[in-house]
Amino acid sequence: MTDKLAQPFQQPKTADAAERMVENVQGRSLWADARRRFIGNKAAMVSVVLLTLIVLFSIFGQSISEYDIETIDWDILGNVANAGQPSLSNGHFFGFDENGRDLYNRVVQGSRISLAVGVIGALVAVVVGTIYGATAGYLGGRVDSIMMRLVDIFMSIPYMFVLILLLVVAGRSITMIFVGIGLTAWLDMSRIVRGQTLSLKNREFVEAAVATGVPTWRIILRHIVPNLLGVVVVYATLLVPQMILTESFISFLGLGVQEPFTSWGALLSEGTKTMNYGMLWQLAFPLFFFVVTIFCFFFIGDGLRDALDPKDR
Amino acid sequence: MLNFIIRRIAVAIPTLIILLIASFWLMQTAPGGPFTSERPLPAQVLANIEAKYGLDQPVYKQLWDYVVGILTQFDFGPSYKYKDRSVNDIIAQGFPVTLTYGVISFLVAIIVGGALGISAAIRQNSWLDYFAVGVTIGAQVLPNFVMAPILILVFTLWLGWLPGGGWNGGQWQHIIMPVIALSTSYMASIARLMRSSMLEVLRSNFIRTARAKGLPERTIIWRHALKPSLLPVVSYLGPAFVGMVTGSFIIDAIFGTGGIGYFYVNAAFNRDYAVMMGLTILLGSMTILFNMVVDILYAWIDPKIRL
Amino acid sequence: MALLSIRDLNVNFQSMDGTVEAVKSISLDIEPGKCLGVVGESGSGKSQTFMAAMGLLAPNARTSGSVMLEGQEILGRSQNELNQIRGRDMSMIFQDPLTALTPHMKIGIQMEEMLNLHSNIRGAEAKKLCLDWMNRVHIPEARARLGQYPHELSGGMRQRVMIAMAMLNQPKLLIADEPTTALDVTVQAEILDLMHTLKTEENTAIALITHDMGVVARMCDDVQVMRHGQFVEGGTTDQIFSNPQEAYTQELLSAMPRIDGDDVRPDISPDAGTVLDVTDVEVTFDVKKPGGLIPRTLPLRAVRGVSFDLAEGETLGIVGESGCGKSTLARAVLQLIDPTQGSVAWLGRDLVGLSKSSLKPHRKDLQIVFQDPLASLDPRMTISASIEEPLKEFQPGLTRTQRLEVVADMMERVGLSANMINRYPHELSGGQNQRVGIARAMINKPRLIICDEAVSALDVSIQAQILTLLKDLQAEFGMSMLFISHDLSVVRSISNRIMVLYLGRVVEMASRDQIFDDPKHPYTMSLISAVPVPDPKVEASRQRIRLPGELPSPMDPGAMWRFLPSRKPEEGSVEMPGMTQVAPGHVVQEHDSIEDIHRLTPQA
């Protein structure tokens, strides 16, 4: 915005519109600001790289191994503690599990399921919670208070019991886990989104749009949704590790995925049972992927929150 | 205040009813009855058994009898799996264990977490603050089912200081690791909440007024800042309680403490619906009750709510 | 010897973006029993100067220079040593009384704390002293108030509690940081009166930090003007007002509109057609009634039967104190809130009850400018996108280039450089954002603009520029305006006619000169007499008109009869005082004389 730039605009009627556009000063949008802040956040950027590697590992990991998740090596079985250790030479990178199966492939497969449950569960929660919360917040009044009272009631029911009950009653399957976890996790989301919508709805720029006659759906799309997006993105990122934790919890108890499929929780549970017998690698490998992933999601979520919702704005 | 309490109770009752109906309905829709095991029983035998447990009655009658049994005699009915034990027996056996380490864990989480959060906020940017922040970040990735095996690995297998499991009538050596495993992540969350809310309160206008009055820092923190900064922590107590109740499943599974979680998970494997439902309703009502207490506590701290 | 003497005070803040110099080499003196006004706009460092004196700066602040209280250096003392002085020798009250008291502690306890700490007075004696001071600051039912929580008191009441608390130990110096800025004008007048009494009776020195030259003229013996952290000019109040030396001081004095100014606003020609005709509009909200087992809602009648009309090109000012329903009325006119009753006829067509789609063509002509410039713009849109939005709705045929052409023209018209077209609101100042808001409202050349406190959040000099802009735009485009404000001087400077609202009712409506030269209703009179005039000579000779009691709650059914106690009906009556015409174009609500009101109002 130097004086030199400002000069041509002293005679606006003669200046051509296209010409004006060229000389405009570019503004910094909130998104651009956020991107700059996020990239400046070292912990978050390292987490992004690590997480990308883990995702690639879970998708393509199987292709560099000659084994699969269910074939049992009968030679090893019964002597896993001595003969089943990790080895690069025989291609069993992570060694064997207690049943003589290749642990590397099982970790790859478990990572895939845990990550999928995390992401899909969070997605279900975000979609349901956002729609529910935004509806309650935007409509307001009696509808809002009934909808939120219902959420209050659901929230004070211990969801883990319901989830376990559901898994026992409806039978254990991956779909059921997706649905069950997603459906119990949307409550928080809906509260947050509702609060945001409520405050956005009363902001004067929305009122200005109403006063201009902008139709309701366009207000929602143009003004409400973009301003909600930041919160939703941050919360969704923090929801993924929560979903992974929930799934791991259930699988740890043996109520989650079923053999031969596995997940981090199930692998951790098996590793815990055998650590007394010197088969620590069975705990160490899944634990490593589990901890690193959760760490990464938390740092990314924190980084996004700092970037998108800085207090000093 | 009394009005508030009564109104809060009025909200708790429908919640309980929903919980009751939902779990009862889930039981009813379960594929096959509890007695359709691998070996199909003769029709006559099945009918006899169902008559004994009242399963031949209409659903609403079953539900009614069940509720009346709980309310009048605290009777959760018989177990479907173990002919000689009632759900009450199971509660009597497991509940004291869970209660013992649960209460200790809860207190540890609140006291240690609260103290850590407050001191970190007061000494912002000191080594204590960095330590607290480090602990809270670390503890986020150490849920109880990760914490517990690590504890056993270190203190039982490597150092040999503590027994790796069992309850043994609640000897202190058997309580330490379950309490640490169960409380750490909640302790960390409480510390984090406490720190950030205390920092925020210390920046508020009424603290500026208190400083302008010449009050010593100690008085400012304990008399003016503590109560309002407790609000987010208090509202976290409800979720923390739920988390600890479910976390006790893991504790019982890993440490073999024999608490209520052990029976619940076993019942889930055995499709022993009567036990599952009884325990769900017991723990569920405790949660609902606890949430109510928390809300009342909240109102006690914040005079604006008390209307 | 001066009581407080500041020499070469510097305050710096270390932040991530480098060092911010908030106060640069400021020196000042306050004599016992005198009031020093420290005047400046936002960012002038006037508050930080005294926060430094109190030792209340943020931890990242660095200070240098000297602050002497009774000859003792207090800058750089430890917090413990300062705690001996704060609250005993000098006290401070702040701008926002709503958040300045600890929410969970009873008023009485917060006050007694002061006595326990500094004077070692406890128990019954402390209670008695607190009660004493509560009465001295004119808090009704003082004894009961001591047992209440802050949120149970109004803003004005809380500021009085703050003053009472600050005065408990009879400090030698009272620092008041914008003590009346957040308050209504009549409440402001009472707080200022109170401080004046303290000064004369207790010989307390007062440092009054303010942006309002009128407050200075009413209260202060000496004045110091600050800008950008630097000293501009100082002297006695008479010197500064009658003979300001610095251009900035002159600008501050001339920028502030005066209720006794000699500027003229011509009447609108009687031939001008009526564009807006509002008849008997009522707006009722449901509010939750606290307490009780089953929460109940009560009707809050925010606007109760308001009628007025507006001619082409005319500006109608709407004034009233907080809670009088002025903003609700504006939204009801625009159909942003559905009126419960009455009609809003725009160009002869009633808008009430129209569907969204049949309302839409009218929206092009009806626009609004809001109070908070930043909140009224979508933070995720460039300012041109915000200005463009109404164009997209009403001239969908335009190409993007054409639209940007129109936007750029409008931006230049409201005084924004067109190369700011891609900027975001958070990159602009408050004044610039308000220009964007005005550009958005003007882009379709509307025939009515409602300004809802449109200049209230701005500094005095920016405020003057925006007012000039609005007047110029009106002269150019000929739109009508409804100008809503709590600030009588601002309303006077822009309006042709003025309407005074009190608890959702019109109490007086007349041309601007009739209202200010010849007010009839006691409420109007008290409002006008409460407004400080930036001229110490005028202030000294003005007579304040006081009304008994506090501004009642809008929920109180008897509140309407505060000015007509002689005819107050029985409880439960829905009757309301009527309107009478006292002169052509001058209508007044029925009322008793001020003497009668005082005589007939029961004393609390």
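Here the residue numbers are simple positions, counted from 1 along each chain's written sequence. The order in which chains are written sets their letters, starting at A; the order in which ligands are written sets their numbers, starting at 1. Note on the predicted model: pLDDT of at least 70 is required for a residue's local features to be given, and 80 or more for side-chain atom pairs to be given and counted; whole-chain, interface and lining totals, by contrast, use all residues. Hydrogens are left out, water is left out, and the side-chain values use all remaining heavy atoms of the structure.

Chemist: Help me get a handle on the overall build of chain A, residues and values and all.
Modeler: A count of helical and extended segments in chain A gives 13 helices and zero strands. By the compact-globule yardstick of 20 Å for 313 residues, chain A is too spread out, its C-alpha radius of gyration being 26 Å. Think of it in three bands: residues with accessible area under 20% of the maximum for their type are buried, residues over 50% are exposed, and the middle band is partly exposed, with areas taken using a 1.4 Å probe on protein chains only. For chain A, buried positions account for 53% of its 313 residues. At a minimum sequence separation of 6, the contacts of chain A that also span at least 24 residues come to 73%. Exposure was quantified through the Shrake-Rupley algorithm and a 1.4 Å probe, taking into account, for residues, occlusion by the shown protein chains and nothing else. As displayed, chain A has an accessible area near 14100 Å², and 63% of this comes from carbon and sulfur atoms. We count Lys and Arg on the positive side and Asp and Glu on the negative side, and we leave His and both chain ends out. Charged side chains are reduced to one point each, which is NZ for Lys, CZ for Arg, CG for Asp and CD for Glu. Distance between charge centroids for chain A: 12 Å, based on 24 positive and 25 negative side chains. Where helices and strands are cited, they refer to DSSP runs of H or I of at least four residues and of E of at least two residues respectively, numbered from the N terminus. Using C-alpha atoms as the atom set, the radius of gyration is obtained and then compared with a globule rule of 2.2 Å times the number of residues to the power 0.38. Contacts were defined at the residue level, with two residues in contact if any of their heavy atoms lie within 4.5 Å.

Chemist: Tell me what's going on with helix α3 (residues 30–39) of chain A, and back it up with residues and numbers.
Modeler: All names here are of chain A. The set of residues buried in α3 consists of Leu30, Asp33, Ala34 and Phe38. Seen along its axis, α3 keeps its buried residues to an arc of 130°; they face one direction. Summarising the geometry of α3, the exposed residues directed more than 90 degrees from the buried face are Arg35, Arg36 and Ile39. Lining the buried residues of α3 we find α4 (42–60) and α13 (281–308). Throughout, the arc means that of the directions going from the helix axis to the C-beta atoms.

Chemist: Describe the interface of chain C and chain B, naming the residues involved and giving the relevant values.
Modeler: Counting residues at the interface gives 30 residues for chain C and 24 residues for chain B. For the chain C and chain B pair, buried surface summed over both sides reaches about 2400 Å², with 63% attributable to carbon and sulfur atoms. Whenever a carboxyl oxygen of Asp or Glu lies within 4 Å of a side-chain nitrogen of Lys or Arg, that contact is scored as a salt bridge. At the boundary of chain C with chain B, the tally comes to two salt bridges. With its nearest N and O atoms 2.6 Å apart, the salt bridge here joins Arg223 of chain B to Glu113 of chain C. Under the rule applied, a polar contact is a pair of N or O atoms within 3.5 Å (in protein, one hydrogen donor and one hydrogen acceptor; residues adjacent in sequence only if both atoms are side-chain atoms). Our enumeration of links across chain C and chain B arrives at 13 residue pairs in polar contact (both at pLDDT 80 or more). Those elements that place two or more of their residues in the side of chain C that touches chain B are α1 (46–54), α3 (107–118) and α6 (155–167) of chain C. If you tally residues by element for the side of chain C that touches chain B, the top one is α3 of chain C, at five residues. Here the side of chain C that touches chain B is composed, by residue class, of 17 nonpolar, 10 polar and three charged. Simply put, the buried area is the total loss of 1.4 Å probe accessible area from both parts when two parts are fitted together. Three classes are used: nonpolar for Ala, Val, Leu, Ile, Met, Phe, Trp, Tyr, Cys and Pro, charged for Asp, Glu, Lys and Arg, and polar for all others, with Gly counted as polar.

Chemist: Just give me the short version of the UniProt feature "domain: ABC transmembrane type-1" (unreviewed entry) in chain B, but keep the residues and values in it.
Modeler: Following the UniProt record, one finds the feature "domain: ABC transmembrane type-1" (unreviewed entry) at residues 95–294 of chain B. Secondary structure within residues 95–294 of chain B divides into 84% helix and 0% strand; the distance between the first and last C-alpha atoms comes to 22 Å. UniProt positions are given in the numbering used here, feature names are shortened, and annotations may be inferred rather than shown by experiment.

Chemist: I'd love a proper account of the interface of chain A and chain C, names of residues and values included.
Modeler: Residue-level contacts link 39 residues of chain A with 39 residues of chain C. Between chain A and chain C, roughly 3600 Å² of surface is buried when both sides are summed, and carbon and sulfur atoms account for 51% of that area. On the chain A side of the interface with chain C, the three residues burying the most area are Glu204, Ala211 and Thr212 of chain A, jointly 17% of the side's total. Taken together, the connections running from chain A to chain C amount to three salt bridges. With a closest N to O distance of 2.3 Å, Glu393 of chain C and Arg218 of chain A form a salt bridge. For the pair chain A and chain C, the interface holds 10 residue pairs in polar contact (both at pLDDT 80 or more). Broken down by secondary-structure element, the contributors of at least two residues to the side of chain A that touches chain C are α1 (3–6), α2 (17–22), α3, α10 (204–211) and α11 (216–252) of chain A. Among the elements that take part in the side of chain A that touches chain C, α10 of chain A stands out by supplying seven residues, more than any other. Classifying every residue of the side of chain A that touches chain C by side-chain character gives 20 nonpolar, nine polar and 10 charged.

Chemist: For the pairing of strand β19 (residues 497–502) of chain C, give the residues involved together with the corresponding values.
Modeler: Residues and elements named next belong to chain C. Among the six residues of β19, six are classified as buried, and the element is accordingly described as predominantly covered. By the alternation rule, side chains of β19 split into Arg497, Met499 and Leu501 and Ile498, Val500 and Tyr502, which are all buried. Note on pairing: two strands pair once DSSP finds at least 2 bridges between them. Pairing geometry for strand β13 (residues 315–319) and β19, over four bridges, is parallel. Across the sheet, residue Ile318 finds its bridge partner in β19, namely Met499. Taken together, the six bridges between β19 and strand β20 (residues 505–511) define a ladder with antiparallel strand orientation. Bridged to Val500 within β20 is Glu508. Turn length for the β19-β20 hairpin, with the two strands adjacent in sequence and antiparallel, is two residues, and the turn residue Leu503 shows positive phi of about 45°.

Chemist: Outline the packing of α3 of chain C against α6 of chain C, supporting the account with residue identities and numerical values.
Modeler: All names here are of chain C. Two elements in contact, α3 and α6, have axes separated by 8 Å at closest approach and are oriented at 25°. Overall, the two elements α3 and α6 adopt an arrangement that is roughly parallel. Two packed elements cross with a definite hand, and for α3 against α6 that hand is right-handed. Taking contact as the criterion, the partners of Ile107, Gln110, Met111 and Met114 in α3 are, on α6, Val161, Ala164, Met165 and Ala166. Counted by class, the contact of α3 with α6 contains seven nonpolar, one polar and no charged residues. In this analysis, axes come from line fits to C-alpha atoms, helices being fitted only over the stretch in contact, and the angle between any two N-to-C directions falls in the range 0 to 180 degrees. Any angle between 65 and 115 degrees counts as roughly perpendicular, while under 35 counts as roughly parallel, over 145 as roughly antiparallel, and the rest as oblique. Whether a crossing is left-handed or right-handed is set by the direction in which the near helix is turned from the far one by less than a right angle, anticlockwise for left-handed and clockwise for right-handed.

Chemist: A description of the sheet that holds β20 of chain C should follow, citing residues and the corresponding values.
Modeler: All names here are of chain C. Read across the sheet, eight strands follow the order β16-β17-β18-β13-β19-β20-β22-β21 without closing on themselves; strand pairing throughout is mixed. Of all strands in the sheet, those bounded by a partner on one side alone are β16 (366–369) and β21 (579–583). Averaged over all neighbouring strand pairs, the angle between strand axes comes to 20°, with direction disregarded. Of the pairings in the sheet, the one linking strand β17 (residues 448–452) to strand β18 (residues 480–485) comprises five bridges and is parallel in character. Across the sheet, Ile450 pairs through a bridge with Leu482, a residue of β18. Packing of helix α16 (residues 460–477) onto the sheet brings it into contact with β13, β17 and β18, and relative to β18 it is tilted by some 160°.

Chemist: With reference to specific residues and values, describe the packing of helix α8 (residues 159–170) of chain A against helix α11 (residues 273–301) of chain B.
Modeler: Axis angle and axis distance: for two packed helices, these are the angle between their axes and the distance between the axes, and together they describe the pair. Axis separation between α8 of chain A and α11 of chain B bottoms out at 11 Å; the angle between their running directions is 165°. As summarised for this structure, α8 of chain A and α11 of chain B are arranged roughly antiparallel, according to the angle between their axes. Crossing handedness for the pair α8 of chain A and α11 of chain B: left-handed. Residues Phe161, Ile164, Leu165 and Val168 of chain A of α8 of chain A touch α11 of chain B, and the partners they reach there are Tyr273, Met276, Thr280 and Leu283 of chain B. A breakdown of the residues in the contact of α8 of chain A with α11 of chain B according to their chemical character gives seven nonpolar, one polar and no charged.

Chemist: Pulling in residues and values, what's your account of the UniProt feature "domain: ABC transmembrane type-1" (unreviewed entry) in chain A?
Modeler: With numbering aligned to this structure, UniProt lists the feature "domain: ABC transmembrane type-1" (unreviewed entry) at residues 111–298 of chain A. Within residues 111–298 of chain A, the helical portion is 84% and the strand portion 0%, while the C-alpha atoms at the span's ends are 17 Å from each other.

Chemist: So what's going on with the packing of aromatic side chains? Residues and values would help.
Modeler: Each aromatic pair joins two rings of Phe, Tyr and Trp (for Trp, the six-membered one) with centres within 6.5 Å, and gets the label stacked for planes under 30 degrees apart, edge-to-face for over 60, and tilted for any other angle. One pass over the structure, following the stated rule, counts 22 aromatic pairs over all chains. Plain terms: the ring middles of Phe94 of chain A and Phe285 of chain A are 4.0 Å apart, the flat faces sit at 10° to each other, and that makes the pair stacked. Taken together, the residues Phe94 of chain A in the loop between α5 (80–83) and α6 (103–139) and Phe285 of chain A in helix α13 connect sequence positions 191 residues apart. What links up through ring pairs into an aromatic cluster is the set Phe57, Phe94, Tyr104, Phe285, Phe288 and Phe289 of chain A. When the NZ atom of lysine or the CZ atom of arginine is within 6 Å of a ring's centre and also within 35 degrees of its normal, the charge is said to sit over that ring. The ring centre of Trp133 of chain C lies 4.3 Å from the NZ or CZ of Arg136 of chain C, which sits over that ring. The ring of Phe394 of chain C has Lys360 of chain C lying over it, and the distance from NZ or CZ to the ring centre is 5.7 Å.

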